[in-house]
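# Reading the structure
So you can see what is in the structure, the chains are spelled out below.
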Amino acid sequence: MKISHISIGYIQIPLVTPFKTALRTVDSVNDLIVKIEAEDGSVGYGEAPPTAVITGDTKESIEAAIRGYIAPAIRGMDLDDLGAVMQNMEKAIAKNTSAKAAIDIALYDLYAKTKGQPLFRLLGSAHPEHVKTELETDLTISVNETDEMVRDSIRAMEQGFRILKVKVGKGGAKDVERIRAIREAVGKDAIIRVDANQGWSREEAVRTICAIEDAGLNIELVEQPVSYHDFKGMQYVTREVDTPILADESVFSYEDAVRIVEEHAADFINIKLMKTGGIHQALRICDIADEYGVQCMTGCMLESKVSVSAAAHLAAARGCITMADLDGPSLCRIDPYQGGPLYQGPKILLPEEPGIGIAGVPVEFMEV
């Protein structure tokens, strides 16, 4: 089955509330959508968000990478030799992980459709005992003034979410007070994850996390406390605190994951398709996590249902992925797509339809 057409389009979806981290503030999802068609008319969909402050990818660079390099390299190839298709994509252009992820997701969606299987069952076929049909995601609490974060946390609990991912990184002492106020508001049974988004120095990270520990605020983990390139800083923080550390921006590739686990620069790894360049490379990180017995989270950027659904299929397929931060669709004001996983508050229910389950995308596509 050969790849016959590759098209792109754009979608804009307003958010329920502005998304604020230590790195950026965003009001809406503005993503590129990819459509790949096989010669029999089957269609696969992918998605890429321009997240320049994390991946370095912009709207213009994603489109240029697909139009000028990736599409010409894979058009006409046999989809049944998916490994060769991925190899050609990797050779076509370095980095540009978001562009690659959009193509990769569409290819996996299309490939699974040609096999008549939901993607999560196809990816989990080697270890069906690990396959899950339901996931539980956390919900992100954007960094704001403390009273607003408390209100957002209470609202999330009222919506059925029991795991909160609280954004911090804008002042160590103030961050402790944010967490303290949220814990008092939501009670002891709520699970709180803290994400600093590289916002602390290594010394500030240790001081802040130790203060949280001393206050008995009982957080599950701290994500990316220091700059992504500061592996020694990650190692230092992991060594000096009791709270587990989750590496996010520090892990883009298989090689990054190997370094993290071998140097014990974090306890957990956050796998995001926009960092890895898609499912193909994410599976390699899962393999190294399995080898070392490291638990992983599957996360997302500010993405809509297409790419988040692909990440959910990956999480459902692999046993090393024990945590989900896949709240992108929950942050969107509307769901414009047909089909895909069913999002019921914190629950993500995997569909049995072939591929990732997305049946319709309301986008005007142009062939590249």
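Report follows, based on the coordinates. Here the structure is a predicted model, which means the values were calculated and not measured.

### Quick look at the nonpolar core
- Counting 128 residues, the largest nonpolar core has Ile 66, Ile 103, Leu 107 and Ile 269 as its most contacted members.
- Sort the elements by how many residues they give to this core and helix α3 (residues 97–115) lands first, with 11 residues.
- Every residue in contact with Ile 269, bar those within four places of it in the chain, is listed here: Leu 246, Ala 247, Val 251, Ala 257, Ile 260, Val 261, Ile 285, Val 294, Gln 295, Cys 296 and Met 297.
- The next biggest cluster of nonpolar side chains, apart from the first, holds 5 residues, and it includes Leu 221, Leu 246, Phe 268 and Met 323.

### Some remarks on unusual backbone geometry
- Located in the positive-phi region is Asn 96, a residue other than glycine, with phi close to 50 degrees.
- Among the secondary structure elements, Asn 96 is positioned in the loop between α2 (82–92) and α3.
- Assessed through its relative accessible area of 18%, Asn 96 is described here as buried.
- One non-glycine residue, His 264, lies in the positive phi region at around 45 degrees.
- On the accessibility criterion, His 264 (44% relative accessible area) is partly exposed.

### Let's talk about the packing of aromatic side chains
- Tallied over the full model, the rule gives 1 aromatic pair.
- Over the face of the ring belonging to Tyr 254 we find Arg 284, whose NZ or CZ atom lies 4.1 Å from the ring centre.

### Comments concerning the sheet that holds strand β14 (residues 342–344)
- Judged by pairing direction, the sheet is antiparallel, and its 3 strands sit side by side in the order β4-β15-β14 without closing on themselves. Of all the strands in the sheet, the pair left with one neighbour each is β4 (134–136) and β14. Each strand of the sheet is rotated relative to its neighbour by a mean of 20 degrees, with strand direction disregarded.
- Bridge count for β14 against strand β15 (residues 347–349) is 3 bridges, and the pairing is antiparallel. Counted as the bridge partner of Gln 344 is Lys 347 from β15.

Cut-offs used in this document
- Residues numbered from 1 in each chain as written.
- Predicted model: local features only at pLDDT ≥ 70, side-chain atom pairs only at ≥ 80, totals over all residues.
- Heavy atoms only, no water.
- Core = buried A, V, L, I, M, F, W, Y, C linked by side-chain atoms within 4.5 Å.
- Buried < 20%, exposed > 50% of the residue type's maximum accessible area, 1.4 Å probe, protein only.
- Helix = DSSP H or I, 4+ residues; strand = E, 2+ residues; numbered from the N terminus.
- Contact = heavy atoms within 4.5 Å.
- Phe/Tyr/Trp six-rings, centres within 6.5 Å; stacked < 30°, edge-to-face > 60°.
- Lys NZ or Arg CZ within 6 Å of the ring centre and 35° of its normal.
- Pairing = 2+ DSSP bridges.
- Axes fitted to C-alpha atoms, helices over the stretch in contact; angles between N-to-C directions.

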